[in-house]
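Reading the structure
Residues per chain are reported as follows:
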2 protein chains.
Amino acid sequence: MRSDARRNRERLLDSAARLFAARGRDVQMEEIAADANVGLGTLYRNFASKQDLFVEIVRRRYLGLIDLAERAESIDDPAAAFRAVFVGYLEQAECDSAFQLALLGGSDLRWEGVEEQKALFAERVRRIIERGVRAGVLRGDLTFGDFPALVCGVMSTMYFKPSPTSDWRRHLDLVLTALETAVPQGAER
Amino acid sequence: MRSDARRNRERLLDSAARLFAARGRDVQMEEIAADANVGLGTLYRNFASKQDLFVEIVRRRYLGLIDLAERAESIDDPAAAFRAVFVGYLEQAECDSAFQLALLGGSDLRWEGVEEQKALFAERVRRIIERGVRAGVLRGDLTFGDFPALVCGVMSTMYFKPSPTSDWRRHLDLVLTALETAVPQGAER
DNA sequence: GCAGAAGCGGAACTACGCTTCCGCTCAGTT
DNA sequence: AACTGAGCGGAAGCGTAGTTCCGCTTCTGC
């Protein structure tokens, strides 16, 4: 691969990541190319479509989540480990509205190409949650299946009600209360 | 107003409501007109733009929420009253993805034209929440300001993870736990 | 330094969906 | 029954944004 071609590819990934993060999925291809000081032809030689580019950006961001889960899993205190993934997940999505949308499930993103990363992350989270439940620091009926909905819930505040004051952290606190409250069998509802 | 014109307007509102509900904000104007057995010209004579039509549909749906809040407020038990608005809000949005999106805050919906309805609803909810807090059935630090984020959170599950099994109700249960748990001053975090 | 292939730029093409426009029709009136 | 303008249909216009294409440029190996 020619050196200038490699440099251009880097630049494109860079610009795309920054622009998607700042303004969401609907920045224009032309704008990304311009930001990278590159022609549209070059952009399309590297990524067959906007969708492909977007998936690649999301895949790279996902690597950060895997890393996060890994670090969280190595925390001894089960309650702290859970908080670490839960809060860390949201913090990594903060300041990146395209990633938020992808994680929420909108954007028609087909996850092929990110499946592998997703599974790796999920497995670690599952273990962290199960450990928390066994240790009695998370409500007894909590399962891994609840995780997507819960983070998605808090993230929706981040996505739909963006505010300089991090309103989502208040929402997060409320939700964490629910998860860290032991609920005796059949007490609720 | 000519009788056929009135009938056409009814038909249009009908078709638009149904199609938006089923497939979200991006059904085409042409399709709405066709569904109502009416030409595009007629559609545009009644609603100056797609946005206008959408706002009108949302406004009508909002009337149902006001009604809901009114009924909830007349419930004696403060806990039951709160559950009624909270759950009712979500149930009214179920099966209507356009309304969900509007309530979430996406869809670039400008709320002018619905402001009035919105304020009416908000006022009632505020009273219900304050009553619940005073009665000690809702956590002490809960305020009306938390409401939008909380319902938005559960609704995001409804919107982004549609499933025939109402997964959002599980999410709802978890969140309600948090709200109905009295949190002593400074106990959390 | 040169050949030529790999890479580049960006004008043009295309698809899609909202909106406009205008000649015709028909409900309501006399 | 005749009249007439409010109302109608849907073809055409327009803007936007993704994608293609091809003549030109530039890097690299000899």
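For the structure, see preceding data.
Since this is a predicted model, take the numbers as computed values, not measurements.

1. Notes on the interface of chain B and chain A
With 29 residues of chain B in contact, the opposing surface of chain A contributes 29 residues. Counting every contact that joins chain B to chain A gives four salt bridges. The salt bridge partner of Asp141 of chain A is Arg170 of chain B, with a shortest N-O separation of 3.2 Å. Counting across the interface, chain B meets chain A through eight residue pairs in polar contact (both at pLDDT 80 or more). It is helix 8 (residues 147–160) of chain B that contributes the most residues to the side of chain B that touches chain A, eight residues altogether. In terms of residue class, the side of chain B that touches chain A is built from 11 nonpolar, eight polar and 10 charged.

2. Quick notes on the protein's contact with DNA strand D
Close contacts around DNA strand D come from 20 residues, with Lys50 of chain A together with Asn8, Gly39, Thr42 and Arg45 of chain B the closest. Taking Arg2 of chain B, its side chain carries an N or O atom lying 3.0 Å from a base nitrogen of DNA strand D. Gly41 of chain B places a polar main-chain atom, nitrogen or oxygen, 3.0 Å from a base oxygen of DNA strand D. Only helix 1 (3–23) and helix 3 (40–46) of chain A together with helix 1 (3–23) and helix 3 (40–46) of chain B provide two or more residues apiece to the surface near DNA strand D. Here the element with the most residues in the surface near DNA strand D is helix 3 of chain B; it accounts for four residues. Each residue belonging to the surface near DNA strand D can be placed in one class, and the counts come to six nonpolar, eight polar and six charged.

3. What to know about helix 1 of chain B
Residue and element names in this part refer to chain B. Look at helix 1: 30 Å from first C-alpha to last across 21 residues, which is about the 30 Å you get at 1.5 Å a residue. Residues Asn8, Leu12, Leu13, Ser15, Ala16, Leu19, Phe20 and Ala21 constitute the buried set of helix 1. Elements that come into contact with the buried residues of helix 1 comprise helix 2 (29–35), helix 3, helix 4 (50–73) and helix 6 (97–104). Following helix 1 by one or two positions, Gly24 has its phi on the positive side, about 85°.

4. Section: the packing of aromatic side chains
When we look at a pair of aromatic rings, we describe it by the centre distance and by the angle of the planes. Residues and elements named next belong to chain A. Applying the stated criterion across every chain, the model contains 21 aromatic pairs over all chains. On the numbers, 5.7 Å between centres and 85° between planes, the contact of Tyr89 with Phe147 is edge-to-face. Of this pair, Tyr89 sits in helix 5 (residues 78–93) while Phe147 is found in helix 8 (residues 147–160), placing the two residues 58 residues apart along the sequence. By the burial criterion, Tyr89 is buried, and Phe147 matches it.

5. As for the layout of surface pockets
Estimated volume of the largest pocket: approximately 980 Å³. What lines the largest pocket is a set of 26 residues, among which Leu101, Ser107 and Tyr159 of chain A together with Leu101 and Tyr159 of chain B lie closest to the centre. Taken together, the elements giving at least two residues each to the lining of the largest pocket come down to helix 6 (97–104) and helix 8 of chain A together with helix 1, helix 6 and helix 8 of chain B. Across the lining of the largest pocket, the residue classes break down as eight nonpolar, 10 polar and eight charged. Approximately 390 Å³ is the volume found for the second largest pocket. Taken together, 18 residues line the second largest pocket, and the ones lying closest to its centre are Tyr89, Leu103, Lys118 and Pro148 of chain A together with Lys161 of chain B. Among the elements of the structure, helix 6, helix 7 (115–135) and helix 8 of chain A are those that each provide at least two residues to the lining of the second largest pocket. The element contributing the most residues to the lining of the second largest pocket is helix 8 of chain A, with five residues.

6. A closer look at the packing of helix 5 of chain A against helix 9 (residues 167–179) of chain A
Residues and elements named next belong to chain A. Two elements in contact, helix 5 and helix 9, have axes whose closest approach is 12 Å; the angle formed by their N-to-C orientations is 155°. The angle between helix 5 and helix 9 falls in the class roughly antiparallel. Judged by the twist between their axes, the crossing of helix 5 over helix 9 is right-handed. Taking contact as the criterion, the partners of Phe82, Arg83, Phe86, Val87, Leu90 and Glu91 in helix 5 are, on helix 9, Trp168, Arg169, Leu172, Val175, Leu176 and Leu179. For the contact of helix 5 with helix 9, the residue count by class is nine nonpolar, no polar and three charged.

7. Things to note about the side chain of Thr42 of chain A
Here Thr42 of chain A shows up in helix 3. Sequence-distant contacts of Thr42 of chain A, defined by excluding residues within four places in its chain, comprise Asn8 and Leu12 of chain A.

8. Quick look at empty space enclosed by the protein
Residue and element names in this part refer to chain B. All told, the structure shown has one cavity of 30 Å³ or more when counted by the stated rule. By volume, the largest cavity amounts to about 30 Å³. Looking at the largest cavity, the residues that line it are Ala17, Phe20, Ala21, Phe54, Ile57, Val58, Arg61, Asp96, Ala98 and Phe99. Every element with two or more residues in the lining of the largest cavity is listed here: helix 1, helix 4 and helix 6. The biggest single contributor to the lining of the largest cavity is helix 4, with four residues. In terms of residue class, the lining of the largest cavity is built from eight nonpolar, no polar and two charged. For the lining of the largest cavity, the domains that each give at least three residues are domain 1 (1–47) and domain 2 (56–179).

Rules behind the numbers
Within each chain, residue numbers correspond to sequence positions counted from 1 in written order. In the order they appear in the text, chains get letters beginning with A and ligands get numbers beginning with 1. Selection of residues for local features in this predicted model requires a pLDDT of at least 70, selection of side-chain atom pairs for listing and counting requires 80 or more, and totals for whole chains, interfaces and linings are taken over all residues. Side-chain metrics in this entry use all non-hydrogen atoms of the structure; hydrogen atoms and water are not considered. Contacts between residues were defined by any pair of non-hydrogen atoms, one from each residue, lying within 4.5 Å. Just to be clear on terms, a salt bridge is a Lys or Arg side-chain nitrogen sitting within 4 Å of an Asp or Glu carboxyl oxygen. Pairing of N or O atoms within 3.5 Å defines a polar contact, subject to two protein rules: one partner must be a possible hydrogen donor and the other a possible acceptor, and residues neighboring in sequence count only if both atoms are side-chain atoms. Runs of H or I in DSSP of at least four residues are treated as helices and runs of E of at least two as strands, each being numbered from the N terminus. Following the grouping adopted for this structure description, the nonpolar residues are Ala, Val, Leu, Ile, Met, Phe, Trp, Tyr, Cys and Pro, the charged ones are Asp, Glu, Lys and Arg, and the polar ones are all others, Gly among them. In this text, near means that some heavy atom of the residue lies within 4 Å of the molecule or strand in question. For a helix, the expected span equals 1.5 Å multiplied by the number of residues minus one. Burial here depends on accessible area, computed with a 1.4 Å probe over protein chains only, as a share of the maximum for the residue type. Under 20% is buried, over 50% is exposed, and the range in between is partly exposed. Stacked, edge-to-face and tilted are the three classes for Phe, Tyr and Trp ring pairs, Trp counted by its six-membered ring, which pair at centre distances within 6.5 Å; planes under 30 degrees apart are stacked, over 60 edge-to-face, the rest tilted. Both cavities and pockets are sets of points on a 1 Å grid over the protein atoms alone; in a cavity a 1.4 Å probe fits but cannot get out, in a pocket the set is open with protein on both sides within 12 Å along at least five of seven lines, and lining residues sit with an atom within 4 Å of a point. Grid points are joined across faces, edges and corners, and a volume is the space filled by probe spheres set on the points. Note on geometry: axes are C-alpha line fits, over the in-contact stretch for helices, and angles between N-to-C directions span 0 to 180 degrees. Oblique is the label for every angle not falling under 35 degrees (roughly parallel), over 145 degrees (roughly antiparallel), or within 65 to 115 degrees (roughly perpendicular). The hand of a helix crossing depends on one turn: near helix anticlockwise from the far one by less than a right angle means left-handed, and clockwise means right-handed. For the domains described, the bounds stem from an automatic or database domain assignment.

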